[in-house]
Each structure stands twice: as C-alpha cells, then as structure tokens.
Amino acid sequence: MTVAFQSISSDPCYNYESLDRPWRANNESGDNICDEHFSWNGWYRLFYFGMDIRMSETCVSSYSCNTYISLWLNDPHPQIEDGVVTRDICGGYWAGCCGHKSKPIRVKACPGNYYVYELVNQGVCSGYCTDVNTISQVVSTVSPDTFTGSSITLITDYDPCNNHNIVDNYWRSTLNYWSSYGYISGHDDTRVEWDGWYRLFINGSSAQMPEWCVSYMACGSYSSLWLGDSHPRLEDGVVTREIYGSHNGQCSRYRSDPIQVKACPGNYYVYKFTRPTLQIPAPVYCAVPFSTPSVDPCYNYTSLDESWRATDNSYYKNYMCDYNVEWNGWYRMFNNGENAQMPESCVNQGMCGTHDPLWLNGSHPQLEDGVVTRQVCASSWEGCCTYTSHPIRVKACPGDYYVYELVKPVFCGAYCTEPTTDPCYGYNTLGESWRDIRQSHYHEYDDTLVEWSGWYRLYLNGESAQLSEWCVSNAECGGETALYLNGSHPTLEDGVVTRKVVGTNLWGSDSSDQCGAYSSSSIRVKACPGDYYVYEFVKPIISAPRPMYCAGSPLYNELQKSNLEVMKA
C-alpha cells in the first residue's frame, strides 16, 4: 500500500492537538465508535486523564477501545534521532490480530519522552487504541488544544442574560440521528474550549437543552447529553443542573459535570457549559427547538385520520412505519372523523398497526401552557419506554383538542391515537323536577350523598336546563343550600372550563348576605353543539348544609338575566 504524505511545515512536537480520550484505552469496551466519522487534521498527542499515553504496539482484540476494529502500531515507536517515521497500522478483527490492514501513519518521538501521531481517516469503522501500560506523568506540555469545535464568539465581561456567547449548530438537534438521517459528524464537546455562558440556536431559531432522555448517537455524535431536571423560572435565578449521557437504551449511562442554567426575559435560557467528563465517548450537548410558531397551529394544521393508529388495533400482517412518512408541520388527530389524541400511558407492543407504538410520556398541556415539548416513548418487548424517539411539540387548542408537531421517528414505529371522550356526547342525565329554581318548598335532599361520576346534562320536565348564573334563594331546588354558578357559562370555542360554585345562606339578614355565602367545590363545564351545557359535578363541600345543584330553563335564565340588567340600570 502506498500513501501520499504532506510535507511538514513546522515541528509537530510543538504543533499538535491534545487528544485526551480515556475511552480509547485497550482495557475499555462497549461502544462501536468509528474514527472514520471524525475530521482528522494533522498531528496529535495522546493523553489519559492528563497523563501521557501511547498507541499500543501489541495485538488489540476487536471490540476493544470502544470500537469495532481496534487499531494498533505494527512496529515499535521511533527514537528521537529517527525523526518522523512511517508505521503500518493493524486492525484487530475477527480474522485475527492483524485481520484488517489499515493505512499507515507518521509518528515522531519528542523531547520530554512523548510521541506525536499524524492520524488519518481509515475509511472503515475502526478506532485508534491506546495502551494503559504506557501511562506516565506529563513532564511538560508545550502545546495547548487548538480545536474550537464551532463558531463561538467569546465575551469575557457580562451579565449572562444580556451578554452571552452564541452556539448555533444544526447538528446539535435531537433530530440528527444516524439511523434516520444517515450522518454523524463525529463532533466532540470535550474538544471545545468552553468559556462562560451560552445561548443555543438551531439554524437561527431559539433552542434549549432537552429535559428528557435523548437517543444514543443523536445530536451529531455518540453520547447525547441532556438536562437531568427541568429548566428554571425567571424568579429562580441561576441554578445548577445535572447532565446525563445516553448509551443504547440506557438513558443515564453516563453522568457529566453539572452546569449552571438561567432563565432570561424574552423566553430563552443561557447555560454555563463546561468541558464534559472525559470518560464519556464523544459527548455533545443536545438542543431542541424552543421558539413560538409564527402561525397559530390551532388553526393551521393537517388532519390525520387513519383508523389503524388506534390503540385497540392489533393488526400484525403489514406493520405501518412512520419513519417512511414525510412529516411537515402540525397535525390534529382524528379517528373515523371523531376527535382523538395521543395516549399518555403505555401502549402494548404490536398495537396501533405497528411493531413499536409511540405514545406521549407526559400529560397534555393546558390552554394557558401554550406550546410545550413532550418526550415520545416506544413500547417494545423489553418494556413500555425502553426506547425513546424524537421529542415533539404539542399545543392545547380552544374547542378541547390538541395539535402535534410530528417528526420522523428514530425507528419503524407509528404514532398512536385514542378517542377523546367528548362529554358533549357521553354524559349522564339529571332531570329531577325538584332541582327547579322556581320550586320554593323545602325538601331534605342533599347532593353530598350522591356518588357523582363523570359528566351530566340537566333537564327539567324533559326540556334542556342549565345551572343558574346568579343568586338563588336558599330554600329552593329541594335542599337547604342552593348552589349556582359563580360566573358565566363558556362558549363553544372555550372548550372545557373550570367554574366556581357558590351557595346561598339560609340565615343571612338580607339577600345580599345570603348570596354566595358558601363556596363549594369548583366544577368543569363545557358548551356543546345544539345549545346546551354539560357539567362535571363533584360532591359539594360538607360545610354547606344540604347543598343542591339548581337547574333552570334557558328561557327562564335569560329572563332573570334581563331583569337583573334592568335593576342595575
């Protein structure tokens, strides 16, 4: 084999990059890291936790040094008087110690009893190995690390929220996953000269670190680093957060040094990144989008109505695969035309028309939460969340539905749907005549004795009715404490809302003292197509004597409201 070497313009003994990678040692194993993905450029000096170490001169078996083909020097290291020499490289392989013949490299012995190596890309999944038997204390270090890793502008005197460095690397995205997109750039944050505080971007858009397990071999390298707790609030100031690294299905296989985080006005975060722990193979800080959509996805979505996605579909013949779908933007889920949503709990393997069903590992947001990010779990034969796919963004919308920013999964799975139980079409009826607010005689009914369960629609004499929105006399509705809604009913677009319930006191000296004297448990209310309401009744507080939910006809309620407006005028 012949290779062409470049001429050396300066002495590599004083112009090298430090390569401190303890995971390259010949007593390490477990990963298949490929040096072909790294951008080798020039000469390197090898270290082991700050101590000198050399390439191995003896056979290294395959799968050692956290790689597939283990590379070692097939000749002794040179002497100082030899100058720059060329050495053959052997690859420990299943076929034997030198089962794979690799490209030669150049080596030089340097004053101070250390060596420098001109490492090159071998073009196969292999890795340069170091020999733990050659570890020695450093006598002198004459060359600093020269690699900066990414375009980072350093600022030395700053308030972190207003003056920070920018890290904008598209490859830090959790979507950058080797099996899905076919590229790993071999980045390594232990090679970056971190200094101060940083704000994350992805292609110019605001980003943040993920707060959940990120798949192994995502974010442009091998060990994906993520935040071990939630981000702080503005009032929390600077907080310290643990950093974890993923390995295969093990979310917290590695633990790096903690970092500081701060929430900033303007809805973004800054991080005081530090050099990750050296024993983690090629670690990188991951990023996920953290920006508000330019158009409200509640009104700009694609409908996704595919019945095979249902959690009760166990179709085994031809598994569906969302990995093959070109996802683009936001989606609203349906099932045969009915509103649906992603499940929030484990789905059995083989359901949803796929092999590995995808479900939401966290609750859906509320309207006031806006756009949130949620982890996606995949069910497999090993467990409910053995594997995680890329996180997605979710938003709750007026009208009691959700939209999802779906992305290509890491593997051949499919997003599941389950029907949303719409209380407008699944309710109990409540039609006792004595709940009428026009009934002034006294009865000893008591709604604290009722076993309330689910949603209810009110009727009076077979006609639709509703809770009163204003004061009801104490002895009406068949009980002792008349309960009514402390606020207006919602509109259709409001979806499900929570309303306070209050009661009238029997012993008030006048009507103003009686109204709202008792505060009962709040209930949820929804307006339904067809001009009626449903209520999620709960047991009233027992401090109110014989409380009763009161019903009135819509026409009567409107008359009462009109009379009230006249009295106010």
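Residues numbered from 1 in each chain as written. Predicted model: local features only at pLDDT ≥ 70, side-chain atom pairs only at ≥ 80, totals over all residues. Heavy atoms only, no water.

Draft legend 1. Focus on the overall build of the protein chain. Helix and strand counts for the protein chain stand at three helices and 39 strands. With 569 residues in all, the protein chain has 52% of them scored as buried. In the protein chain, of all internal contacts separated by at least 6 residues, the share reaching a separation of at least 24 is 67%. When the accessible area of the protein chain is evaluated, it comes to approximately 25500 Å², of which 47% is carbon and sulfur surface. (Helix = DSSP H or I, 4+ residues; strand = E, 2+ residues; numbered from the N terminus. Buried < 20%, exposed > 50% of the residue type's maximum accessible area, 1.4 Å probe, protein only. Contact = heavy atoms within 4.5 Å. Areas by Shrake-Rupley, 256 points an atom, 1.4 Å probe, with all protein chains shown as cover.)

Draft legend 2. Examining the sheet that holds strand S35 (residues 518-519) more closely. The strand order across the open sheet formed by four strands is S35-S34-S32-S38, and the pairing between neighbours is mixed. Edge positions in the sheet fall to S35 and strand S38 (547-549), since each has one partner strand and no second. Note that strand S32 (residues 481-485) and S38 share three bridges and pair parallel. Its bridge partner lying in S38, Thr481 is registered against Pro547. (Pairing = 2+ DSSP bridges.)

Draft legend 3. Expanded view of the side chain of Asp322. Its location among the elements puts Asp322 in the loop between strand S19 (302-305) and strand S20 (330-335). Polar side-chain contacts of Asp322 include one of 2.8 Å to the side chain of Arg309. In this structure the side chain of Asp322 is engaged in a polar contact, spanning 2.8 Å, whose partner is the backbone nitrogen of Tyr415. In contact with Asp322, other than residues within four places in its own chain, are Trp308, Arg309, Trp327, Lys408, Pro409, Gly413, Ala414 and Tyr415. (Polar contact = N/O pair within 3.5 Å; in protein donor to acceptor, adjacent residues only side chain to side chain.)

Draft legend 4. Expanded view of the state of the cysteines. On inspection of all chains with the given rule, the structure shows 14 disulfides. The side chain of Cys352 participates in a disulfide bridge whose partner is Cys416; the two sulfur atoms lie 2.0 Å from each other. Between Cys352 and Cys416, the S-S torsion sits near 110°, and that sign places the bridge as right-handed. Of this pair, Cys352 sits in the loop between strand S21 (338-341) and strand S22 (356-360) while Cys416 sits in the loop between strand S26 (413-415) and strand S27 (418-419), and the two are 64 residues apart along the sequence. The exposure class of Cys416 is buried, given its relative accessible area of 0%. (Disulfide = S-S within 2.5 Å.)

Draft legend 5. Representation of the packing of aromatic side chains within the structure. Evaluated as defined, the whole model comprises 26 aromatic pairs. Between the aromatic rings of Tyr427 and Tyr532, the centroid separation amounts to 6.1 Å while the plane-to-plane angle is 65°, which identifies the pairing as edge-to-face. Residue Tyr427 is found in the loop between S27 and strand S28 (428-430), and its partner Tyr532 is found in strand S37 (residues 532-536); the two are separated by 105 residues along the sequence. Residue classification places Tyr532 among the buried residues on the basis of a relative accessible area of 8%. A network of ring pairs unites the aromatic residues Phe38, Trp40, Tyr44, Tyr128 and Tyr222 as a single cluster. A cation sits over an aromatic face here: Arg199 above Tyr268, 3.8 Å from the ring centre. (Phe/Tyr/Trp six-rings, centres within 6.5 Å; stacked < 30°, edge-to-face > 60°. Lys NZ or Arg CZ within 6 Å of the ring centre and 35° of its normal.)

Draft legend 6. Structural view of the pattern of salt bridges. Tallying each qualifying case throughout the model produces 18 salt bridges. Residue Asp11 pairs with Lys108 through a salt bridge whose shortest N-O separation is 2.8 Å. Highlighted residues: Asp11 in the segment before strand S1 (17-20) and Lys108 in strand S6 (residues 96-110), separated in sequence by 97 residues. For Lys108, a relative accessible area of 15% puts it in the buried group. (Salt bridge = Lys/Arg side-chain N within 4 Å of Asp/Glu carboxyl O.)

Draft legend 7. Fine view of the side chain of Lys108. A distance of 2.8 Å separates a polar atom in the side chain of Lys108 from a polar atom in the side chain of Asp11. Apart from residues lying up to four places away in sequence, Lys108 is in contact with Asp11, Pro12, Cys13, Trp43, Pro78, Gly83, Val84, Tyr114, Tyr115 and Val116.

Draft legend 8. Focus on the layout of surface pockets. What the largest pocket holds in volume is close to 630 Å³. Mapped by element, the contributors of at least two residues to the lining of the largest pocket are strand S18 (288-289) and strand S24 (383-397). When residues in the lining of the largest pocket are grouped by element, the largest group, three residues, is from S24. Partitioned by chemical class, the residues of the lining of the largest pocket number 14 nonpolar, nine polar and four charged. (1 Å grid on protein atoms, 1.4 Å probe; cavity = no way out; pocket = protein on both sides within 12 Å on 5 of 7 lines; lining within 4 Å. Points joined across faces, edges and corners; volume = space filled by probe spheres on them. Nonpolar A, V, L, I, M, F, W, Y, C, P; charged D, E, K, R; others polar.)

Note that all results are geometric; they support no functional claim without further evidence.
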